[in-house]
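Take a look at the letters that make up each chain.
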Amino acid sequence: MFIYTLVLLLVIAALRQNVSCEANIQSQSFKIINGNEAAPHSLPYQAAILGMDGKFLCGGSLISPRSILTAAHCLDRAGTSVQVVLGAHNISNPGEEGQLKITSTQFVIHKDWNAKKALNDIALVILPKPIETTNTIKWVTLPTKKNAIYINKNGTVSGWGAYSDSDATNISPVLREARIKIISNFFCNIAYMGKITSSHLCTDGLKKQTFCTGDSGGPLVVDGVQVGIVSFNFVFGCSSGWPGVYTRVTSFLDWISEHVYN
Ligand SMILES: *[C@@H]1O[C@H](CO)[C@@H](O)[C@H](O)[C@H]1NC(C)=O
Ligand SMILES: *[C@@H]1O[C@H](CO)[C@@H](O)[C@H](O)[C@H]1NC(C)=O
């Protein structure tokens, strides 16, 4: 751990000469790198958020009959409505059995969302009417304890993002997932030069067999409970080995219960 930190500090010192570490989270989308195709419909809480033109915007998660949890930055360019796809595995196949596509015109974006500081990157997309759970569509459980710690736990992050930085323009037709280890905010904060706060949560970016973040807005789930919302990653891209950064769900439990529609 010490050597790991030391190496990172040296790398950071070298980079600092000419790289601005602005997270620049509006202009990026994050992709699962080296993950696996998820077993079809094994993550029935996973949502896709598309523009009205059908263009893929972000991931999200179904947390109640009428609410999709996602990142605030996902809705920055969404206009006044989005399409939400639930129950999908192959997102390129609109005729897929179990898939449901719903248009939403109602968003709740955290009023203190701050793109520059990457703070409060959380939002809800509200569905026009409650949906029923099916074999392919179910909501995910949220944590109950505000002070839960997840360091060293393995989480599952999922999304339809492209799976390499070199081919970052194409989305994956099928849902992909990655198992990834949660690291301490202390260590993450060194890598991000002080940008990480207690309302962030980070996963390891270094191990080859672990992965990058999934699509922005998508869920990080530990033992069936959603603990993170994919927020940002280092400007060099997902395979740079930098930790992935999430909005920490436990920091926003009050905000969620205040704004959620059931
Ligand atoms: C996904 O669906 C599209 C459209 O139906 C199809 O062309 C493609 O082969 C499918 N991909 C996979 C991996 O199933
Ligand atoms: C996390 O996953 C790794 C690799 O699969 C495994 O070695 C480790 O024991 C897991 N940790 C926990 C806490 O389950």
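Per-chain numbering applies: the sequence of each chain, read as written, is numbered from 1 onward. Starting at A for chains and at 1 for ligands, labels are handed out in the order in which the entities are written. Local features in a predicted model are, by the rule used here, given only for residues with pLDDT of at least 70; side-chain atom pairs are given and counted only at 80 or more, and totals for whole chains, interfaces and linings are based on all residues. Where side-chain values are given, they derive from all heavy atoms of the structure, hydrogens and water being excluded.

- As annotated in an unreviewed UniProt entry, the protein chain carries the name Peptidase S1 domain-containing protein and comes from Acanthoscelides obtectus.
- If you open the UniProt record of the protein chain and go to Sequence similarities (unreviewed entry), you find "Belongs to the peptidase S1 family." UniProt positions are given in the numbering used here, feature names are shortened, and annotations may be inferred rather than shown by experiment.

Describing the sheet that holds strand S7 (residues 106–109)
Here's step 1: For two strands to be treated as a pair, DSSP must find no fewer than two bridges joining them. We count a stretch as a helix when DSSP gives it H or I for four or more residues in a row; a strand needs E for two or more, and each element gets its number in order from the N terminus. On the basis of which strands lie adjacent, the open sheet formed by seven strands has the order S6-S5-S2-S3-S4-S8-S7 and antiparallel pairing. A strand with exactly one partner marks an edge of an open sheet, and here the two such strands are strand S6 (100–104) and S7. Across the sheet, the axes of successive neighbouring strands diverge by a mean angle of 30 degrees, strand direction being ignored. Only the stretch in contact is used when fitting a helix axis, every axis being a line fitted to C-alpha atoms; angles between N-to-C directions are given from 0 to 180 degrees.

What to know about the environment of Ser199
Here's step 1: When you line up the elements, Ser199 lands in the loop between helix H2 (185–191) and strand S11 (200–203).
Here's step 2: Buried, partly exposed and exposed residues are distinguished by accessible area as a fraction of the type maximum, computed with a 1.4 Å probe on protein chains only: under 20%, between the cut-offs, and over 50%, respectively. Classification of Ser199 as buried rests on a relative accessible area of 13%.
Here's step 3: Note: C-alpha distance between Ser199 and Phe252 (53 residues apart in sequence) is 8.0 Å.
Here's step 4: In this description, contact between two residues means that some pair of their heavy atoms is separated by no more than 4.5 Å. If we skip the residues at most four places from it in the chain, Ser199 touches Leu119, Tyr246, Thr247, Arg248, Ser251 and Phe252.

Points about the pattern of salt bridges
Here's step 1: In the sections that follow, a salt bridge refers to a side-chain nitrogen of Lys or Arg positioned within 4 Å of a carboxyl oxygen of Asp or Glu. For the coordinates displayed, the defined rule picks out two salt bridges.
Here's step 2: Residues Lys111 and Asp112 are paired through a salt bridge, measuring 3.3 Å at the closest nitrogen-oxygen approach.
Here's step 3: A salt bridge links Asp254 to Lys146, with the shortest nitrogen-to-oxygen separation between them at 3.0 Å. You can see Asp254 sitting in helix H3 (residues 253–259) and its partner Lys146 sitting in the loop between strand S8 (123–126) and strand S9 (154–159), a full 108 residues away along the chain.

Quick word on the state of the cysteines
Here's step 1: Count a disulfide wherever a pair of cysteine sulfur atoms falls within 2.5 Å. Following the criterion strictly, the structure yields two disulfides and no others.
Here's step 2: Shown here is the disulfide that connects Cys58 with Cys74, its sulfur atoms set 2.0 Å apart. One quick way to see it: the torsion about the S-S bond of Cys58 and Cys74 is about -80 degrees, and its sign makes the bridge left-handed. Highlighted residues: Cys58 in strand S3 (residues 56–64) and Cys74 in the loop between strand S4 (67–70) and strand S5 (82–86), separated in sequence by 16 residues.
Here's step 3: On the accessibility criterion, Cys58 (3% relative accessible area) is buried.
Here's step 4: There is a disulfide in this structure between Cys188 and Cys202, and the S-S distance comes to 2.0 Å. Handedness of the Cys188-Cys202 disulfide follows from its S-S torsion of about -80 degrees: it is left-handed.

Considering the side chain of His73
Here's step 1: For His73, the position within the fold is in the loop between S4 and S5.
Here's step 2: Looking at His73, its side chain comes within polar contact range of the side chain of Asp121, at 2.7 Å. Polar contacts, as counted here, are pairs of nitrogen or oxygen atoms within 3.5 Å of one another; within protein the pair requires one atom able to donate a hydrogen and one able to accept it, and residues that are adjacent in sequence qualify only if both atoms are side-chain atoms.

Side note on unusual backbone geometry
Here's step 1: Positive phi is not limited to glycine here, since Asn120 has a value of about 55 degrees.
Here's step 2: As for its position among the elements, Asn120 is in the loop between S7 and S8.
Here's step 3: If you check the backbone angles, Met193 has positive phi at about 50 degrees while not being a glycine.
Here's step 4: Structurally, Met193 can be placed in the loop between H2 and S11.

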